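Examining the three-dimensional arrangement
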Amino acid sequence: MITKEVNDWIRRVENGNYTNADIMEEFVKFSRYLTKEEMIQIKRRLANSLKC
């Protein structure tokens, strides 16, 4: 289950509120707790936001 913190991170990435280094730094902090399915879900959500 994707937590509120991860959803907030995704929202900030979609809005462009992070630099590339900050994006990866934050992702590393919580990525070890995600399942493969959650990773795929995040990837799809970010890919869809880039297409718009």
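Scope of this entry: the structure provided in the associated data block. (Residues numbered from 1 in each chain as written. Predicted model: local features only at pLDDT ≥ 70, side-chain atom pairs only at ≥ 80, totals over all residues. Heavy atoms only, no water.)

Quick word on the overall build of the protein chain
Secondary structure summary: the protein chain contains three helices and zero strands in total. Its helices and strands in sequence order give the protein chain the pattern α-α-α, from N to C terminus. In terms of overall dimensions, the protein chain is globule-like: its C-alpha atoms have a radius of gyration of 11 Å, near the 10 Å expected for 52 residues. A principal-axis box enclosing the C-alpha atoms of the protein chain has dimensions of 25 × 20 × 15 Å. Relative to its 52 residues, the protein chain shows a buried fraction of 29%. (Helix = DSSP H or I, 4+ residues; strand = E, 2+ residues; numbered from the N terminus. Rg over C-alpha atoms; globule rule 2.2 N^0.38 Å. Buried < 20%, exposed > 50% of the residue type's maximum accessible area, 1.4 Å probe, protein only.)

Thoughts on the packing of aromatic side chains
In the structure shown here, the tally under the stated rule is three aromatic pairs. A centroid spacing of 5.6 Å and a plane angle of 35 degrees characterise the contact between Trp 9 and Phe 27, whose relative ring orientation is tilted. Of this pair, Trp 9 sits in helix α1 (residues 4-15) while Phe 27 sits in helix α2 (residues 20-31), and the two are 18 residues apart along the sequence. Per residue, the accessibility class of Trp 9 equals that of Phe 27, and both read buried. Ring plane angle 75 degrees and centroid distance 5.2 Å describe the contact between Trp 9 and Phe 30, whose orientation is recorded as edge-to-face. Taken together, the residues span a long stretch of sequence, with Trp 9 in helix α1 and Phe 30 in helix α2 at a distance of 21 residues. For the pair Trp 9 and Phe 30, one class covers both residues: buried. Here the aromatic residues Trp 9, Phe 27 and Phe 30 are joined through ring pairs into a cluster of three or more. (Phe/Tyr/Trp six-rings, centres within 6.5 Å; stacked < 30°, edge-to-face > 60°.)

A closer look at the packing of α1 against helix α3 (residues 36-51)
Axis separation between α1 and α3 bottoms out at 10 Å; the angle between their running directions is 25 degrees. Taken together, the axes of α1 and α3 lie roughly parallel to each other. Remark: the crossing between α1 and α3 carries right-handed chirality. For the pair α1 and α3, contact is made by Val 6, Asn 7, Trp 9, Ile 10, Val 13 and Glu 14 and by Ile 42, Arg 45, Leu 46 and Ser 49, respectively. (Axes fitted to C-alpha atoms, helices over the stretch in contact; angles between N-to-C directions. Parallel < 35°, antiparallel > 145°, perpendicular 65-115°, else oblique. Left-handed = near helix turned anticlockwise from the far one by under 90°. Contact = heavy atoms within 4.5 Å.)

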